[in-house]
Amino acid sequence: MERMKSVLYTDLILGHFRSLKEALKGLVNRNIIITTHFSGVTGQLIKVKDDYAVLRETGDSLVYIPIRSIELVTLVEEEEI
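These lines cover the structure that appears in this document, whether it is placed above or below. Note that this is a predicted model, so its numbers are computed, not measured.

## Some details on the overall build of the protein chain
For step 1, the next point in the chain: Scanning the protein chain for helices and strands turns up one helix and six strands.
For step 2, the next point in the chain: When its helices and strands are written in sequence order, the protein chain yields β-α-β-β-β-β-β.
For step 3, the next point in the chain: Scored against the burial criterion, the 81 residues of the protein chain give a buried share of 33%.
For step 4, the next point in the chain: When contacts within the protein chain are restricted to residue pairs at least 6 apart in sequence, long-range pairs at least 24 apart make up 52% of them.

The structure is reproduced here in structure tokens:
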């Protein structure tokens, strides 16, 4: 069973761009859901660059997501038994 916890919201105002990037850097190697204007992507965050983040989805495919398009980041954690 998984529990989801919203850890970051952003309205993508220019001033939030740097803090969003820094927050994402703190989630590298964690399983997250990134929601954009178009859809949500679930996977392990493996890299944060100047203007995009890279998620590894199940099956090892990589998804490159422009940071400016991110609306919501949700941390996915396994519930402790």
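Still to come is the rest of the account.
## Some points on the packing of aromatic side chains
Two numbers describe a pair of aromatic rings. These are the distance of the centres and the angle of the planes.
For step 1, the next point in the chain: Following the criterion strictly, the structure yields one aromatic pair and no others.
For step 2, the next point in the chain: Taken together, a centroid distance of 5.7 Å and an interplanar angle of 50° make the contact between Tyr 52 and Tyr 64 tilted. Here the residue Tyr 52 occupies a position in strand β4 (residues 52–56), and Tyr 64 occupies one in strand β5 (residues 62–66), the gap between them amounting to twelve residues.
For step 3, the next point in the chain: Its relative accessible area of 28% is what places Tyr 52 among the partly exposed residues.

## Notes on the nonpolar core
For step 1, the next point in the chain: Counting 16 residues, the largest nonpolar core has Leu 24, Ile 32, Leu 45 and Val 73 as the members making the most contacts within it.
For step 2, the next point in the chain: Of all the secondary structure elements, the ones that give two or more residues to this core are α1 (16–25), β2 (31–36), β3 (40–48), β4, β5 and β6 (70–78).
For step 3, the next point in the chain: Once residues lying within four places of it in the same chain are set aside, the contact partners of Leu 45 are Leu 24, Leu 27, Val 28, Asn 29, Arg 30, Ile 32, Ala 53, Val 54 and Leu 55.

## Thoughts on the pattern of salt bridges
A side chain with one charge can pair with a side chain of the opposite charge if their charged atoms come near.
For step 1, the next point in the chain: One pass over the full model with this rule turns up three salt bridges.
For step 2, the next point in the chain: Note that Asp 60 and Arg 56 form a salt bridge whose closest N and O atoms lie 3.9 Å from each other.

## A look at the environment of Leu 24
For step 1, the next point in the chain: Here Leu 24 lies in helix α1.
For step 2, the next point in the chain: Judged by relative accessible area, Leu 24 falls into the buried class, the value being 0%.
For step 3, the next point in the chain: Taking the C-alpha atoms as reference points, Leu 24 and Lys 47, separated by 23 residues in sequence, lie 8.9 Å from one another.
For step 4, the next point in the chain: Leave out the neighbours within four places in its chain, and Leu 24 touches Leu 45, Val 48, Ala 53, Ile 67, Ile 70 and Val 73.

Conventions we followed
- Residues numbered from 1 in each chain as written.
- Predicted model: local features only at pLDDT ≥ 70, side-chain atom pairs only at ≥ 80, totals over all residues.
- Heavy atoms only, no water.
- Helix = DSSP H or I, 4+ residues; strand = E, 2+ residues; numbered from the N terminus.
- Buried < 20%, exposed > 50% of the residue type's maximum accessible area, 1.4 Å probe, protein only.
- Contact = heavy atoms within 4.5 Å.
- Phe/Tyr/Trp six-rings, centres within 6.5 Å; stacked < 30°, edge-to-face > 60°.
- Core = buried A, V, L, I, M, F, W, Y, C linked by side-chain atoms within 4.5 Å.
- Salt bridge = Lys/Arg side-chain N within 4 Å of Asp/Glu carboxyl O.

Remember that the coordinates give geometry; whether it matters functionally is a separate question.
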